[in-house]
Amino acid sequence: MKKLITAVAALFLSACSSQINILDSVTSVPSSGGTFDRTMYLRGDFTLWDAEPHYILQQQGEGVYTVKAKFMTPGKVYEFKIADEQWSQGFNCGYKVQGTLKLNQPQLADCNTVYNYFSFMPSKKGWYIITFDYSDSRSPKVMISRS
């Protein structure tokens, strides 16, 4: 009986330590103050959804990031998201309510989405600025404007 109790106690303790290891490996979340602890990218059909160095978001202010993109086909729908290199939970940002972006009109973002791509159809070819406002991490926004 004493051996049985010892075996059950050992099993219980090993299960507890496994749970601690699982909790320690949970994906980190954006640091406080609306800044990220990792590189974020504009990723879309125009990058084949890859994380490319020339589409790294640059911090402009507290929690505000921008990146330029050249859209060369007026009338074509471009789809994109803002995400880290691994598409990590909490760092995979698509639309929350409305996915179609219009010039200078911010849309709410959801950084825990898998499929909600933003879309934009330029009326003119040229350079555009995509702004990701994460200053209020509970209500991040994406906006597109002409460069």
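Residues numbered from 1 in each chain as written. Predicted model: local features only at pLDDT ≥ 70, side-chain atom pairs only at ≥ 80, totals over all residues. Heavy atoms only, no water.

Caption draft 1: Highlighting the overall build of the protein chain. Across its full length, the protein chain carries one helix and nine strands. For the protein chain, the α and β elements follow one another from N to C terminus as α-β-β-β-β-β-β-β-β-β. Considering the protein chain as a whole, with its 147 residues, one finds that 34% of them fall into the buried category. Relative to all contacts within the protein chain whose residues are 6 or more apart in sequence, the contacts with residues 24 or more apart total 58%. Accessible area of the protein chain: about 9,000 Å², with a carbon and sulfur share of 56%. (Helix = DSSP H or I, 4+ residues; strand = E, 2+ residues; numbered from the N terminus. Buried < 20%, exposed > 50% of the residue type's maximum accessible area, 1.4 Å probe, protein only. Contact = heavy atoms within 4.5 Å. Areas by Shrake-Rupley, 256 points an atom, 1.4 Å probe, with all protein chains shown as cover.)

Caption draft 2: Focus on the state of the cysteines. Scanning all chains against the criterion turns up one disulfide. In this model, Cys-93 is linked to Cys-111 through a disulfide, with the two sulfur atoms separated by 2.1 Å. Given an S-S torsion of about 105°, the disulfide between Cys-93 and Cys-111 has right-handed geometry. On the criterion of sequence distance, the pair formed by Cys-93 in strand 5 (residues 92-95) and Cys-111 in the loop between strand 6 (107-110) and strand 7 (118-120) is long-range, its members being 18 residues apart. Across this residue pair, the class does not change: Cys-93 and Cys-111 are buried. (Disulfide = S-S within 2.5 Å.)

Caption draft 3: Broad picture of the nonpolar core. Ranked by size, the top nonpolar core spans 25 residues in total, and within it Leu-42, Phe-71, Phe-80, Ile-82, Ile-130, Phe-132 and Val-142 carry the most contacts. Mapped by element, the contributors of at least two residues to this core are strand 3 (64-71), strand 4 (78-83), strand 7, strand 8 (126-133) and strand 9 (141-146). With four residues, strand 3 is the single largest residue contributor to this core. Each residue touching Ile-130, except ones within four places of it in the same chain, is listed here: Leu-42, Tyr-65, Thr-66, Val-67, Ala-69, Phe-71, Phe-80, Ile-82, Val-142, Met-143 and Ile-144. (Core = buried A, V, L, I, M, F, W, Y, C linked by side-chain atoms within 4.5 Å.)

Caption draft 4: Region of the structure containing the pattern of salt bridges. Counted under the stated rule, the structure contains four salt bridges. Note that Asp-84 is salt-bridged to Arg-38, the shortest N-O span being 2.9 Å. Note that Asp-84 is positioned in the loop between strand 4 and strand 5 and Arg-38 in the loop between helix 1 (2-24) and strand 1 (41-44), a separation of 46 residues in sequence. Residue Asp-84 is classed as buried on the basis of its relative accessible area, which comes to 1%. With relative accessibility at 25%, the residue Arg-38 sits in the partly exposed group. (Salt bridge = Lys/Arg side-chain N within 4 Å of Asp/Glu carboxyl O.)

Caption draft 5: Geometry of the environment of Ser-139. Inspection of the secondary structure puts Ser-139 in the loop between strand 8 and strand 9. On the basis of relative accessibility, which here comes to 21%, the residue Ser-139 falls in the partly exposed class. The spacing of Ser-139 and Asp-110 is 29 residues in sequence and 8.1 Å in space, taken between C-alpha atoms.

Caption draft 6: Structural detail: the side chain of Asp-84. At a separation of 2.7 Å, a polar atom in the side chain of Asp-84 contacts the side chain of Ser-88. Asp-84 has contacts with Arg-38, Thr-39, Met-40, Tyr-41, Arg-43 and Phe-91, leaving out every residue within four places of it along the chain. (Polar contact = N/O pair within 3.5 Å; in protein donor to acceptor, adjacent residues only side chain to side chain.)

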